[in-house]
Amino acid sequence: MSETILVTGGTGVLGRQVARRLLAPGREVRVLSRRAAPAATPYAWRTGDLRSHDGIDAAVRGADVIVHCATTLGGKDVATTKALLDTARRHDTPHLVFISIVGVDRIPLPYYRAKLAAEEAVVASGLPWTILRATQFHDLVCRLVEVQRFLPVVLYPAGFRVQPVDAGEVAARLADLALGEPAGRAPDLGGPEVRDFADLARASLRGKGRRRALVPVPFPGATGRAYRAGHHLTPNATGRVTFEEFLAAQAAIA
Ligand SMILES: NC(=O)c1ccc[n+]([C@@H]2O[C@H](COP(=O)([O-])OP(=O)(O)OC[C@H]3O[C@@H](n4cnc5c(N)ncnc54)[C@H](OP(=O)(O)O)[C@@H]3O)[C@@H](O)[C@H]2O)c1
């Protein structure tokens, strides 16, 4: 059993579920966050910032495994991942478990390009590594609808299908991978259904008791074509929790 595991992004949608699953007697689970530790936490909290590098050395030192779930927008994921890898190499060469996204190698979205470059940095790091690619989380679909709550309509990319997966299932897979031997590229993890985005947006609105017209917006260019071609989907539909089951679970805890 690994004794000390660091979860970067351990406060995020995915990372907090990974950290929770890793808690076990005799194991130190560290959570890296830019925020100060909450008043009560079951984790060995490490305040640090992967962009400024503040606190990263102390977070990484002594870790047997790092589950890297932190993400930053604006193409910074390469620099932050490299900073983490460099620090890890200077210490105890921990097993680096990295979460990525299905299609990062085929969809030329800037965020995906950064993610792919971060994957490549992990592979070239010399550290023992595991990479899991997952499809979009159910939460993300809801967030994309929710950010438009002040608009009279919900805009969505025309012709888009999504294969949303439960972040809890991705977290469970990542936790298993973190406790196992370095696996290289693990089999992709996709949700159980491929659905039209509009269909999911409608379900999400219904779940919130709201009604809005849905308006398709063309998504031109290579990125739009790559999404319409389904490069973000996977035949490995091993996730079990459907979008409606996710919504029902959210409603139950609200
Ligand atoms: N969302 C999806 O649909 C999806 C699908 C497949 C893969 N993924 C991947 O899964 C990972 C997690 O996604 P998520 O949706 O759970 O992310 P999220 O909820 O947005 O959480 C982002 C996390 O990153 C941390 N973070 C941000 N900037 C940081 C910095 N400079 N230094 C240290 N920590 C920093 C945040 O911690 P603090 O704010 O506490 O500092 C937070 O815990 C990402 O790598 C993403 O690419 C996501």
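Remember, predicted model here, so these are calculated numbers, not experimental data.

**What to know about the overall build of the protein chain**
A tally of helices and strands in the protein chain yields nine helices and 11 strands. In terms of overall dimensions, the protein chain has C-alpha extents of about 55 × 40 × 35 Å along its principal axes. Taking all contacts inside the protein chain whose residues are at least 6 apart in sequence as the whole, residues at least 24 apart take part in 76%. Accessible area for the protein chain stands at about 11,900 Å²; split by element, carbon and sulfur atoms hold 55% of it. If the 33 positive side-chain charges of the protein chain are averaged to one point and the 24 negative ones to another, these points end up 7 Å apart.

**Here's the deal with the side chain of Gln136**
Position of Gln136 among the secondary structure elements: in the loop between strand E6 (129-134) and helix H5 (138-146). Assessed through its relative accessible area of 12%, Gln136 is described here as buried. At 2.9 Å, the side chain of Gln136 forms a polar contact with the side chain of Tyr112. Not counting chain neighbours up to four residues away, the residues in contact with Gln136 comprise Ile101, Tyr112, Val162, Gln163, Pro164, Val165 and His232.

**Looking at the pattern of salt bridges**
One pass over the structure, following the stated rule, counts 13 salt bridges. Residue Lys115 pairs with Asp77 through a salt bridge whose shortest N-O separation is 3.8 Å. Of this pair, Lys115 sits in helix H4 (residues 110-123) while Asp77 sits in helix H3 (residues 77-90), and the two are 38 residues apart along the sequence. Both residues of the pair, Lys115 and Asp77, count as buried. Its salt-bridge partner being Glu193, residue Arg195 comes within 2.8 Å of it at the nearest N-O pair.

**Brief notes about the UniProt feature "domain: NAD(P)-binding" (unreviewed entry) in the protein chain**
Mapped onto this numbering, the UniProt entry annotates "domain: NAD(P)-binding" (unreviewed entry) at residues 9-139. Helix makes up 33% of residues 9-139 and strand 21%, with an end-to-end C-alpha separation of 16 Å.

**Quick notes on the site of the ligand**
Around the ligand there are 27 residues in total, and Thr11, Ser33, Arg34, Tyr111 and Lys115 lie nearest to it. A distance of 2.8 Å separates an oxygen atom of the ligand from a polar atom in the backbone of Leu14. One of the side-chain N or O atoms of Lys115 is found 2.5 Å from an oxygen atom in the ligand. Computed on the free molecule, the ligand has an accessible area of 900 Å², of which 90% lies beneath the protein chains in the complex. Contributions of two or more residues to the shell around the ligand are made by strand E5 (95-101), H4 and H5. Examining the composition of the shell around the ligand, we find that three residues originate from one element, E5, more than from any other. Across the shell around the ligand, the residue classes break down as 11 nonpolar, 10 polar and six charged.

**Quick notes on the sheet that holds strand E2 (residues 28-33)**
A sheet is described by the order of its strands in space; here seven strands give the open sequence E3-E2-E1-E4-E5-E6-E9, paired in parallel fashion. Strand pairing shows two members of the sheet lacking a second neighbour, strand E3 (44-47) and strand E9 (184-185), which therefore form its edges. Where E2 lies against E3, four bridges are found, and the strand directions are parallel. Along E3, the bridge assignment pairs Ser33 with Thr47. Running over the sheet, H3 touches strand E1 (4-8), strand E4 (65-68) and E5 and is turned about 180° from E4. Each of E5 and E6 touches H4; the most contacted strand, E5, lies at about 160° to it.

Criteria and cut-off values
Residues numbered from 1 in each chain as written. Predicted model: local features only at pLDDT ≥ 70, side-chain atom pairs only at ≥ 80, totals over all residues. Heavy atoms only, no water. Helix = DSSP H or I, 4+ residues; strand = E, 2+ residues; numbered from the N terminus. Contact = heavy atoms within 4.5 Å. Areas by Shrake-Rupley, 256 points an atom, 1.4 Å probe, with all protein chains shown as cover. Lys, Arg positive; Asp, Glu negative; His and termini not counted. Charge placed at Lys NZ, Arg CZ, Asp CG, Glu CD. Buried < 20%, exposed > 50% of the residue type's maximum accessible area, 1.4 Å probe, protein only. Polar contact = N/O pair within 3.5 Å; in protein donor to acceptor, adjacent residues only side chain to side chain. Salt bridge = Lys/Arg side-chain N within 4 Å of Asp/Glu carboxyl O. UniProt positions renumbered as here; feature names shortened; annotations may be inferred. Near = heavy atom within 4 Å. Nonpolar A, V, L, I, M, F, W, Y, C, P; charged D, E, K, R; others polar. Pairing = 2+ DSSP bridges. Axes fitted to C-alpha atoms, helices over the stretch in contact; angles between N-to-C directions.

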